[in-house]
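# Secondary and tertiary structure notes
Chain residues, written in single-letter form:
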Amino acid sequence: MTALTDPQAAALPRRQSRVWRKFRSNPAALLGGAIVIFFVVVALLAPVLPIMEPTATDWLAVRQAPSAVHPFGTDEIGRDVLSRMIWGAQASLLAGVVSVAIAVGLGVPLGVAAGYLGGWTDAAISRVTEALLAAPFLILAIALAAFLGPSLTNAMIAIGLSAMPIFIRLARGQTMQVMTEDYVESARAVGLKPLALVTRYILPNIFPPILVQATLTIATAIIAEASLSFLGLGQQPPAPSWGSMLNVAKNFLEQAPWMALYPGAAIFLVVLGFNLLGDGLRDALDPRDH
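Residues numbered from 1 in each chain as written. Predicted model: local features only at pLDDT ≥ 70, side-chain atom pairs only at ≥ 80, totals over all residues. Heavy atoms only, no water.

## What about the environment of Ala-34?
Mapping Ala-34 onto the fold places it in helix α2 (residues 27-45). With 73 residues separating them in the primary sequence, Ala-34 and Gly-107 have C-alpha atoms 29 Å apart. (Helix = DSSP H or I, 4+ residues; strand = E, 2+ residues; numbered from the N terminus.)

## As for unusual backbone geometry
The linkage connecting Pro-237 with the following residue, Pro-238, adopts the cis geometry, with an omega of 5 degrees. Considering the arrangement of structural elements, one finds Pro-238 in the loop between α8 (194-230) and α9 (242-249). Despite not being glycine, Arg-63 shows a phi value in the positive range, around 45 degrees. Inspection of the secondary structure assignment puts Arg-63 in the loop between α2 and α3 (81-117).

## A closer look at the packing of aromatic side chains
Applying the stated rule across the entire model yields five aromatic pairs. The interplanar angle of 75 degrees and the centroid separation of 6.0 Å between the aromatic rings of Phe-39 and Trp-242 together place this pair among those described as edge-to-face. Highlighted residues: Phe-39 in helix α2 and Trp-242 in helix α9, separated in sequence by 203 residues. Given a relative accessible area of 9%, Phe-39 falls into the buried group. Note on Tyr-183 and Tyr-201: the rings are 6.0 Å apart at their centroids and 35 degrees apart in plane angle, and the pair reads as tilted. One end of the pair, Tyr-183, is in helix α7 (residues 182-189); the other, Tyr-201, is in helix α8, and 18 residues separate them in sequence. Residue classification places Tyr-183 among the partly exposed residues on the basis of a relative accessible area of 23%. Three or more aromatic residues joined by ring pairs form one cluster here, namely Phe-38, Phe-39 and Trp-242. (Phe/Tyr/Trp six-rings, centres within 6.5 Å; stacked < 30°, edge-to-face > 60°. Buried < 20%, exposed > 50% of the residue type's maximum accessible area, 1.4 Å probe, protein only.)

## Looking at the packing of α2 against helix α10 (residues 258-285)
For the pair α2 and α10, interaxial distance at closest approach is 7 Å and the crossing angle is 135 degrees. One way to sum up the angle between α2 and α10 is to call them oblique. Viewed along their axes, α2 and α10 form a crossing whose handedness is left-handed. Where α2 abuts α10, its residues Ala-28, Ala-29, Leu-31, Gly-32, Gly-33, Ile-35, Val-36 and Phe-39 lie against Ala-266, Leu-269, Val-270, Gly-273, Phe-274, Leu-276, Leu-277 and Gly-280. Across the contact of α2 with α10, the residue classes tally to 12 nonpolar, four polar and no charged. (Axes fitted to C-alpha atoms, helices over the stretch in contact; angles between N-to-C directions. Parallel < 35°, antiparallel > 145°, perpendicular 65-115°, else oblique. Left-handed = near helix turned anticlockwise from the far one by under 90°. Contact = heavy atoms within 4.5 Å. Nonpolar A, V, L, I, M, F, W, Y, C, P; charged D, E, K, R; others polar.)

Set out below in C-alpha cells:
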C-alpha cells in the first residue's frame, strides 16, 4: 500500500504550488477573489460596524437622497439603505453558502454511490436526477419554497435541493472516470475496502471539479435567494435582504432610484466575484495545463 500512496503524497505539495501559481497569475481570478473577500468581511463585521440599525425607522427622512448622514439614502419608511445593504449581505452570502453545502452534502454521496456501485443503484439515482433536471432550476426552487413556506431557512433548503441534481450528475461522472484509472484498479486488486477506496482515492480526485462547480453554484444560489425574497418567499420583512429591498424599490424608481441601484449593484458584484473566482479555480485546477 505504501507504493500506492507515497508518490501521491510526494506530488501533492508540488501540485498545490502549481495551482496557486497559476491562480495568482490570473488577474480576473484575483479580482473575483477580492470581491468575494470584501463582501464576506463586510457581512461578518456587520454587528460591529458603526452603522445605524437596519430596522430603525425615521419618518422625517423618508426616501431621503444620499447624504453625509445616509451615504446610500433612505428607503420608503426612513431606514438607512447602507445599513440594510450591509446586513442584507449576511442573508445573501449565508443563503449561497448554506444552499450549496446542502446540495454538495446530499448530491456528492449519491453521485459517488451511483458511479461506484452501478447497476440498479445507478439506474435509480440517475432516473430521479434526470427527472429533477427536467425542471428549470429557479422554477423548482420557487415551487419548493412555496411548499415549505416563506422564510430564509426554507429558501436555503429549496435552493439546495434544486441544485442537488447538478452535483449528483457531476460526482457520478467523475467517479466513473476515476474508477478506470490504474491506481484505483491496483488498490482494488490488493484488497482495499470500498469505503477506504472511496475516501482515499475517489473523493480526493473528484474534489477539484466539485469545488469549481460549488463556487459557481454559490453565484446562482445568491441570485435565486434574491429572486425568492423579491417574490416574498425568502427573508421576511423587516429583516433586510437585497431581494426584498428590490421588491420595495420597484415602486419608487422615479422618486428614489438609489433604493434599487445599490442592492442591484451589490447582487451584480457578488455574483460577478464568485463567477470570476470559479473560472479562475477551474483554470488553475485543470490538470491538462500543469
